[in-house]
Amino acid sequence: MAIRRNEFLNLKFSDITHDEENQCDVLNINQTKVNSINIIPLSDQASKLIDKLKVTSDDGHIVCTLRKISPKGLNYFIDILNEMSINMNKNKTDRVTPHDFRRAFVNIANESELFLPHVIELCVGHEIRTKVSKHYAQKPRYIESKKAVFNWWANYIDACLIELGYKLEDIYNLQIII
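Residues numbered from 1 in each chain as written. Predicted model: local features only at pLDDT ≥ 70, side-chain atom pairs only at ≥ 80, totals over all residues. Heavy atoms only, no water.

## Points about the overall build of the chain
Stage number 1. A count of helices and strands for the chain gives eight helices and three strands.
Stage number 2. Here the chain, with 178 residues, has 34% of them falling under the buried criterion.
Stage number 3. Taking all contacts inside the chain whose residues are at least 6 apart in sequence as the whole, residues at least 24 apart take part in 55%.
Stage number 4. Counting every atom, the chain has about 11600 Å² of accessible surface; 53% of that belongs to carbon and sulfur. (Helix = DSSP H or I, 4+ residues; strand = E, 2+ residues; numbered from the N terminus. Buried < 20%, exposed > 50% of the residue type's maximum accessible area, 1.4 Å probe, protein only. Contact = heavy atoms within 4.5 Å. Areas by Shrake-Rupley, 256 points an atom, 1.4 Å probe, with all protein chains shown as cover.)

Structure representation (structure tokens):
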């Protein structure tokens, strides 16, 4: 979803609504860094995975844990990456961090040349308006444009998983046991 770590950790199922006009589920993310709401359209793949997580959440938060790692800890994602052996035997400067996924999303989407750069920036919650345009216009939502980016990204990730030998049906039909 290319959102900031704190925004992800604080997401609740109640932050998801259905946008009738654009026919998709959206996350309404409270961006504390820039003090605004960013509306993120969910791909079908993201919606399926989030639905699977509902059974593991006892407090309404989307991020939950099955492995005794505190989801509210600052190192939650780093602990998961370490547990998956992604950072095994790497120097501290070479380790993958949660922000690297956000950076990869922006770089890969821009390199594809399929989307306008300002739409990609909006997907990650960056402000693109000047002081003058802020004064005269409301913040644009660009839901349909962002939806196209996130659907493309979900398909890109699926293609990467297939190339690595994963079966998508195993991922999207994942049975979560609590």
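## Some words on helix H7 (residues 143-163)
Stage number 1. The end-to-end C-alpha distance of H7 is 30 Å, a good match for the 30 Å that 21 residues give at a rise of 1.5 Å each.
Stage number 2. By the burial criterion, the buried members of H7 are Ile143, Lys146, Lys147, Val149, Phe150, Trp152, Trp153, Ala154 and Asp158. (Expected span 1.5 Å × (residues − 1).)

## Some points on the confidence of the model for the chain
Stage number 1. For the chain, mean pLDDT is 79; residues scoring 70 or higher make up 74% of the total.
Stage number 2. Mean pLDDT across the elements of the chain ranges from a minimum in helix H6 (residues 131-136), with 66, to a maximum in H7, with 94. (pLDDT = per-residue confidence, 0-100.)

## So, the nonpolar core
Stage number 1. Within the largest apolar cluster, 23 residues are counted, with the highest numbers of intra-cluster contacts made by Leu27 and Phe105.
Stage number 2. At the level of secondary structure, the elements contributing two or more residues to this core comprise strand E2 (24-31), helix H2 (44-53), helix H4 (98-112), helix H5 (117-123) and H7.
Stage number 3. At four residues, the largest contribution of residues to this core is made by H7. (Core = buried A, V, L, I, M, F, W, Y, C linked by side-chain atoms within 4.5 Å.)

## Some remarks on the packing of aromatic side chains
Stage number 1. For the structure on display, the rule yields six aromatic pairs.
Stage number 2. Both rings, one in Trp152 and one in Tyr156, keep their centres 5.5 Å apart while their planes meet at 25°; by these two values the pair is stacked. With a gap of four residues between them, Trp152 and Tyr156 both fall in helix H7, about one helical turn apart.
Stage number 3. Assessed through its relative accessible area of 31%, Tyr156 is described here as partly exposed.
Stage number 4. Linked through ring pairs, Phe105, Phe115, Phe150, Trp152, Trp153 and Tyr156 together constitute an aromatic cluster. (Phe/Tyr/Trp six-rings, centres within 6.5 Å; stacked < 30°, edge-to-face > 60°.)

## Things to note about the packing of H4 against H7
Think of two packed helices as two axes; the pair is described by the angle between the axes and how far apart they sit.
Stage number 1. Interhelical geometry of H4 versus H7 gives an angle of 100° and a closest axis separation of 11 Å. Relative to H7, H4 is oriented roughly perpendicular. Between H4 and H7, the contacting residues are Ala104, Phe105, Ile108, Ala109 and Ser112 on the first element and Val149, Phe150, Trp152, Trp153 and Tyr156 on the second.
Stage number 2. Across the contact of H4 with H7, the residue classes tally to nine nonpolar, one polar and no charged. (Axes fitted to C-alpha atoms, helices over the stretch in contact; angles between N-to-C directions. Parallel < 35°, antiparallel > 145°, perpendicular 65-115°, else oblique. Nonpolar A, V, L, I, M, F, W, Y, C, P; charged D, E, K, R; others polar.)

## Points about the side chain of Ser43
Stage number 1. Tracing the backbone through its elements, the reader meets Ser43 in the loop between strand E3 (36-41) and H2.
Stage number 2. Among the polar contacts made by the side chain of Ser43, one reaches the main-chain amide nitrogen of Ala46 at a distance of 3.1 Å.
Stage number 3. When sequence neighbours within four positions are dropped, the list of residues in contact with Ser43 reads Phe150, Asn151 and Ala154. (Polar contact = N/O pair within 3.5 Å; in protein donor to acceptor, adjacent residues only side chain to side chain.)

## Observations regarding the environment of Ile29
Stage number 1. Along the polypeptide, Ile29 turns up in strand E2.
Stage number 2. As a C-alpha pair, Ile29 and Asn10 span 19 residues in sequence and 9.1 Å in three-dimensional space.
Stage number 3. Residues within four places of Ile29 in sequence aside, it is in contact with Ile3, Glu7, Leu11, Ser36, Ile37, Asn38 and Ile40.

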